Amino acid sequence: MAARTSDRTRYDRATAHLEAPLAVVDLDAFDANADDLVRRAGGKPVRVASKSVRCRALLERVLAREGFAGIMSFTLAESLWLARSGFDDVLLAYPSADRAAYAELAADPKQAAAVTVMVDDPAQLELIDAARAGGREEIRVCLELDTSLRLLGGRVRVGALRSPLRTPAQLAELARSVVRRPGFRLVGLMAYEGHVAGVGDSVAGHPLRSRAVRLMQATARRELVARRAEVVRAVRAVAPDLEFVNGGGTGSVQHTAAEAAVTEIAAGSGLYVPRLFDNYTSFTGRPAALFAQPVVRRPGVGVVTVLGGGYPASGAAGADRLPVPYLPEGLRYDPMEGPGEVQTPLLGSPADDLLIGDKVWFRHAKAGELCERFDTLRLIEGDRVTGAVPTYRGEGRTFL
């Protein structure tokens, strides 16, 4: 409570000259979170997930730190933009059907050397070849392994619906297709265990659910450790010069880093630490990215209304996808309204101490999606704003 009160004082003082709505990144917290990711990675490089940052200046800041290497991007257009901006190791985490971007990639030696694309189906190779438009550069390729946990003979699936490639034989078969096909080079393998890395295992007020999640994740880790090692052996038998095997995510960094088959860890949300990452036993981060909305109404006792604030996160709709009122502590949404597009009523005794024009600080449910709402991030050190940097949106880049 005292720490949060102190943070509110710092943020209010630092931004007293700025009008809300606004978004900030606490650089002391950001850097501390970066150090913690490196510590948990145990000597293996951390590849930064740009989806969770969406700000070139902050990508540059974290990549300048010891222990970080490379970017994991989310669209091909973004990958090419980052490569043109000087980032020389960009792994696209999702398959693309952007024919114009593939034509650009195949025609530019610098970008072709910097960007690795994701493939999990021979049809994607066909699409890339058809999109080359005369470009002859070799395309760097990474294969993705399905990490989902299958139970009861496959009748129960736990994990995201991502790659169709699950077995060593399936990965090896596609690896052979890449190796045999002119114009492509197989350089990597990726496996994102989102049901371990992205699901909190210590949810306040839900002890039975939390215990079930921990049991599921322990089972999933055991299964994946063995299967990932077998897949890596099978793929390396086809492509002995494989450059990297990527795995992990913010919530599973230390577990994945312990696997001999994995050469690098992916993480991004752990830098900002949004609200969905509060419920983990594996790590405790410091909230680094926040946004403020101004109080514009006082409808009654124990109620204030702030401007806007309805910024839901992606995923299955639910209360856990909403931003959370963070400072001052003790505010909550009106259950009949929730956070709105143009106004958000907030209930609780702290409302009576808020004046028109005061700031209420929120945390977004997910990390980088906050940057789709703001064009600038104010950088705070101590109780001062020491800089302002554009988000992707602020640079006129909206990739999804």
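So, how was this worked out
Residues numbered from 1 in each chain as written. Predicted model: local features only at pLDDT ≥ 70, side-chain atom pairs only at ≥ 80, totals over all residues. Heavy atoms only, no water. Helix = DSSP H or I, 4+ residues; strand = E, 2+ residues; numbered from the N terminus. Buried < 20%, exposed > 50% of the residue type's maximum accessible area, 1.4 Å probe, protein only. Contact = heavy atoms within 4.5 Å. Lys, Arg positive; Asp, Glu negative; His and termini not counted. Charge placed at Lys NZ, Arg CZ, Asp CG, Glu CD. Pairing = 2+ DSSP bridges. Axes fitted to C-alpha atoms, helices over the stretch in contact; angles between N-to-C directions. Left-handed = near helix turned anticlockwise from the far one by under 90°. Phe/Tyr/Trp six-rings, centres within 6.5 Å; stacked < 30°, edge-to-face > 60°. Arc of directions from axis to C-beta. Core = buried A, V, L, I, M, F, W, Y, C linked by side-chain atoms within 4.5 Å. Salt bridge = Lys/Arg side-chain N within 4 Å of Asp/Glu carboxyl O. Parallel < 35°, antiparallel > 145°, perpendicular 65-115°, else oblique. Nonpolar A, V, L, I, M, F, W, Y, C, P; charged D, E, K, R; others polar.

1. Comments concerning the overall build of the chain
Link 1 in the chain: The helix and strand inventory of the chain stands at 12 helices and 19 strands.
Link 2 in the chain: With respect to the three principal axes, the spread of C-alpha positions in the chain is 70 × 50 × 35 Å.
Link 3 in the chain: By residue count, 54% of the 400 residues in the chain fall in the buried class.
Link 4 in the chain: Of all intrachain contacts in the chain linking residues separated by at least 6 positions in sequence, the fraction that spans at least 24 positions is 69%.
Link 5 in the chain: Placing the 51 positive and 48 negative side-chain charges of the chain at their respective mean positions leaves the two points 4 Å apart.

2. What to know about the pairing of strand S10 (residues 244-247)
For a regular strand, the rule is simple: side chains alternate between the two faces of the sheet.
Link 1 in the chain: Side chains Phe244 and Asn246 project from S10 onto one buried face, and the interleaved Val245 and Gly247 project onto a second face that is buried too.
Link 2 in the chain: Pairing analysis gives 4 bridges linking strand S9 (residues 184-191) to S10, with the strands arranged parallel. Across the sheet, residue Gly188 finds its bridge partner in S10, namely Phe244.

3. Overview of the sheet that holds strand S6 (residues 139-144)
Link 1 in the chain: Read around the closed barrel, 8 strands run S2-S3-S4-S5-S6-S9-S10-S11, paired in parallel fashion. Across the sheet, the axes of successive neighbouring strands diverge by a mean angle of 30°, strand direction being ignored.
Link 2 in the chain: Packing of helix H2 (residues 27-41) onto the sheet brings it into contact with strand S2 (46-49), strand S3 (68-73) and strand S11 (264-267), and relative to S3 it is tilted by some 100°.

4. Details of unusual backbone geometry
Link 1 in the chain: Ala20 connects to Pro21 through a cis peptide bond whose omega is 5°.
Link 2 in the chain: Here Pro21 is to be found in the loop between helix H1 (2-14) and strand S1 (22-26).
Link 3 in the chain: Cis geometry marks the peptide bond from Leu327 to Pro328, where omega comes out at 0°.
Link 4 in the chain: Tracing the backbone shows Pro328 in the loop between strand S14 (324-327) and strand S15 (332-333).
Link 5 in the chain: The backbone of Ala133 shows a phi angle near 55°, a positive value even though the residue is not glycine.
Link 6 in the chain: For Ala133, the location among the structural elements is in the loop between helix H7 (122-131) and S6.
Link 7 in the chain: Among the residues examined, Ala133 registers a relative accessible area of 71% and is labelled exposed.
Link 8 in the chain: With a phi close to 55°, Val273 is a non-glycine residue in the positive phi region.

5. Thoughts on the packing of helix H4 (residues 76-84) against helix H5 (residues 99-107)
Link 1 in the chain: At their nearest, the axes of H4 and H5 sit 9 Å apart, and the two run at 35° to each other. Taken as a pair, H4 and H5 cross one another with a handedness that is left-handed. Every residue of H5 that contacts H4 at Leu76, Leu80 and Arg84 is listed here: Ala101, Tyr102, Glu104 and Leu105.

6. Some details on the packing of aromatic side chains
The description of two aromatic rings rests on the distance between their centres and on the angle between their planes.
Link 1 in the chain: Under the definition given, this model contains 13 aromatic pairs.
Link 2 in the chain: Ring centres 5.6 Å apart and planes at 45° place the aromatic pair Trp81 and Phe399 in the tilted group. Of this pair, Trp81 sits in helix H4 while Phe399 sits in the segment after strand S19 (384-390), and the two are 318 residues apart along the sequence. Of the two residues, Trp81 and Phe399, neither departs from the other in class, the shared state being buried.
Link 3 in the chain: Here Tyr392 and Phe399 contribute two aromatic rings whose centre-to-centre distance is 5.6 Å and whose plane-to-plane angle is 85°, an arrangement assigned as edge-to-face.

7. Remarks on helix H3 (residues 56-63)
Link 1 in the chain: Residues of H3 that are buried include every one of Leu58, Leu59 and Val62, and no others. Taken end-on, H3 shows its buried residues confined to a sector of 105°, consistent with a single buried face.

8. A closer look at the nonpolar core
Nonpolar side chains in soluble globular proteins generally cluster together in the buried interior.
Link 1 in the chain: If you look at the biggest cluster of nonpolar residues, it comprises 91 residues, and the most contacted ones within it are Leu58, Val117 and Tyr272.
Link 2 in the chain: Of the residues forming this core, the biggest block, 6 residues, is contributed by H2.
Link 3 in the chain: The residues touching Leu58, leaving out its near neighbours within four places in the chain, are Val25, Leu27, Phe30, Val53, Tyr272, Leu377 and Leu379.
Link 4 in the chain: Grouped together as the second largest cluster of nonpolar side chains are 12 residues, Tyr11, Leu18, Ala20 and Leu327 included.

9. Brief notes about the pattern of salt bridges
Link 1 in the chain: Under the counting rule described, the total for this entry stands at 32 salt bridges.
Link 2 in the chain: Note that Arg321 is salt-bridged to Asp320, the shortest N-O span being 3.6 Å.
Link 3 in the chain: Counted as one network, the salt bridges with shared partners bring together Asp146, Arg150, Arg157, Arg166, Glu223 and Arg227.

10. A short note on the packing of helix H8 (residues 168-180) against helix H10 (residues 207-238)
Link 1 in the chain: In the contact formed by H8 and H10, the axes pass within 8 Å of each other and the chain directions differ by 25°. Compared by their axis directions, H8 and H10 come out roughly parallel. The element H8 and its partner H10 pack so that their crossing is right-handed. Here H8 contributes Pro168, Leu171, Ala172, Ala175, Arg176 and Val179 to the contact with H10, which in turn contributes Glu230, Val231, Ala234, Val235 and Val238.
Link 2 in the chain: Taken together, the residues that form the contact of H8 with H10 break down as 9 nonpolar, no polar and 2 charged.

11. Quick word on the pairing of S1
Link 1 in the chain: The buried count for S1 comes to 5 of 5 residues, which makes it a mostly enclosed element.
Link 2 in the chain: The alternating pattern of S1 places Leu22, Val24 and Asp26 and Ala23 and Val25 on opposite faces, both of which are buried.
Link 3 in the chain: Taken together, the 4 bridges between S1 and strand S12 (residues 289-300) define a ladder with antiparallel strand orientation. Each residue of the ladder has a partner; that of Ala23, found in S12, is Phe291.

That's the geometry; what it means functionally is another story.
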